[in-house]
Amino acid sequence: MNIESMKTPILRIDRILDNELYIKRDDLIPYSFGGNKARKAALFFEEILNGEYDCVVTYGSSSSNHVRIVANLCCSNNLECYVITPKEASETTFNSKLREMFNVKATEVSVEEVHDTIEQLLCDLKSEGHNPYFIPGGGHGNLGTQAYDMCYDEIKEFETETGTFFDYIFFASGTGTTHAGLVCGMLKHNDKRTIVGISIARKNPRGRNVVIESIKEYMGEDSRIEDATVFVDDFIGGGYAKADSSDTIKEVMLKYGIPLDSTYTGKAYSGMCEYIKNNRIKDKNILFIHTGGTPLFFDSIQ
Ligand SMILES: *Cc1c(COP(=O)(O)O)cnc(C)c1O
């Protein structure tokens, strides 16, 4: 997998709620079922493979797309993969089955113990003479942000080539760097449009603050950041992975042949539709970024 292979299509899908809907298919990134975690992991692995690392340590639940991609990349590159995983989110999923197929060394602990367990593991590995690379959960950090700053450039390129302008960009916002990278891209180009992150778990103000911190860490202070960061927490349902978006998932699959899931993209898609209705948005070009999670689609129809 390399950075050039990240480029994904933007397709016009339909006219919905009096607006033109386009979808950017980041779920089609051609490695391990793609998704935004593949885009981020490509940058992390560029750094890993250029360094002297002999193993990777990361964190994520049993439904984590990030863990699946990182574990698969470790297999492809002959690196040992250690995963710290919370007991509270450990049900069997297609992602967790894949994680097993990739032979990760998983340690299950309760959420409060995660931080210390990671520290201890990194310490143990080093004292055994290993050189571990730590990737924060969800591919958080400047490299994750950079991945979506670069994705924004792809969106700009599409607009220039086709003479289209997206008034709104919607997507599922979780750990925040997908959101942060897109906002950084917009500010870098000095574009005026609305980027709306639909929260899949976190509430305001924390969720939005994490995005803002990631933006500042990547591009420094800028007076435009506050206004540019729209983080909507109205559609989180019961929290992470807890939502019944089965009607939306079915509808989008039947109508467009596009798989969504109940943890991320299904919530974001139905949240986007509600947002469009509530804000009476009409005759605009809307871009939905499909952030992936294809294995979760199969969990959602079981
Ligand atoms: C992780 C994930 C997100 C959220 O991305 P963040 O950068 O963590 O905010 C959205 N969609 C899917 C499918 C994901 O796996």
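Keep in mind that this is a model prediction, so the values were computed, not measured.

Criteria and cut-off values
- Residues numbered from 1 in each chain as written.
- Predicted model: local features only at pLDDT ≥ 70, side-chain atom pairs only at ≥ 80, totals over all residues.
- Heavy atoms only, no water.
- Buried < 20%, exposed > 50% of the residue type's maximum accessible area, 1.4 Å probe, protein only.
- Helix = DSSP H or I, 4+ residues; strand = E, 2+ residues; numbered from the N terminus.
- Arc of directions from axis to C-beta.
- Contact = heavy atoms within 4.5 Å.
- Salt bridge = Lys/Arg side-chain N within 4 Å of Asp/Glu carboxyl O.
- Disulfide = S-S within 2.5 Å.
- Patch = residues over 30% accessible without salt bridge, like charges linked within 9 Å, V, L, I, M, F, W, Y side chains within 5 Å.
- Areas by Shrake-Rupley, 256 points an atom, 1.4 Å probe, with all protein chains shown as cover.
- Lys, Arg positive; Asp, Glu negative; His and termini not counted.
- Charge placed at Lys NZ, Arg CZ, Asp CG, Glu CD.
- Pairing = 2+ DSSP bridges.
- Axes fitted to C-alpha atoms, helices over the stretch in contact; angles between N-to-C directions.

Regarding helix α9 (residues 246–256)
Along an α-helix, residues three or four positions apart point the same way, because every turn accommodates 3.6 residues.
Turning to step 1, where the next piece is worked out: Along α9, the residues classified as buried are T248, I249, V252 and Y256. Considered in projection along α9, the buried side chains sweep an arc of 100° and stay on one side of the axis. Across from the buried face of α9, at angles greater than 90 degrees, the exposed residues are D247, K250 and L254.
Turning to step 2, where the next piece is worked out: Against β1 (10–16), α10 (265–278) and α11 (294–300) lie the buried residues of α9.
Turning to step 3, where the next piece is worked out: One or two steps after α9, the chain reaches G257, where phi turns positive at roughly 70°.

Describing the pattern of salt bridges
Turning to step 1, where the next piece is worked out: Counting across every chain of the model gives 20 salt bridges.
Turning to step 2, where the next piece is worked out: For D18, the salt bridge identified is with K282, shortest N-O distance 3.4 Å. Remark: K282 occurs in the loop between α10 and β10 (285–290) and D18 occurs in the loop between β1 and β2 (19–25); sequence separation between them is 264 residues.
Turning to step 3, where the next piece is worked out: Between E154 and K24 there is a salt bridge; the shortest N-O distance is 2.7 Å.

With respect to the state of the cysteines
Turning to step 1, where the next piece is worked out: Counted under the stated rule, the structure contains zero disulfides.
Turning to step 2, where the next piece is worked out: Its sulfur unpaired, C74 is 3.9 Å from the next cysteine sulfur, which belongs to C81.
Turning to step 3, where the next piece is worked out: The cysteine C151 is free of any disulfide, with C184 supplying the nearest cysteine sulfur at 13 Å.

Looking at a negative patch on the surface
Turning to step 1, where the next piece is worked out: Residues E88, E108, E112, E113, D116 and E119 make up a contiguous surface patch of negative charge.
Turning to step 2, where the next piece is worked out: With respect to the element layout, E119 can be found in helix α4 (residues 114–127).

Section: the sheet that holds strand β8 (residues 194–199)
Turning to step 1, where the next piece is worked out: Taken in spatial order, the six strands make up an open sheet running β1-β2-β10-β7-β8-β9, and their pairing is mixed. Since the sheet does not close on itself, it has two edges, and those belong to β1 and β9 (230–232), each with one partner. Across the sheet, the mean angle from the axis of one strand to that of its neighbour is 25°, orientation sign disregarded.
Turning to step 2, where the next piece is worked out: Two strands pair when backbone bridges link them, and strand β7 (residues 168–173) and β8 are joined in this way by six bridges, in the parallel orientation. Paired with I169 across the two strands is I195, which belongs to β8.
Turning to step 3, where the next piece is worked out: In the packing of helix α6 (residues 177–189) onto the sheet, contacts are made with β7, β8, β9 and β10, and the angle to β8 comes to roughly 175°.

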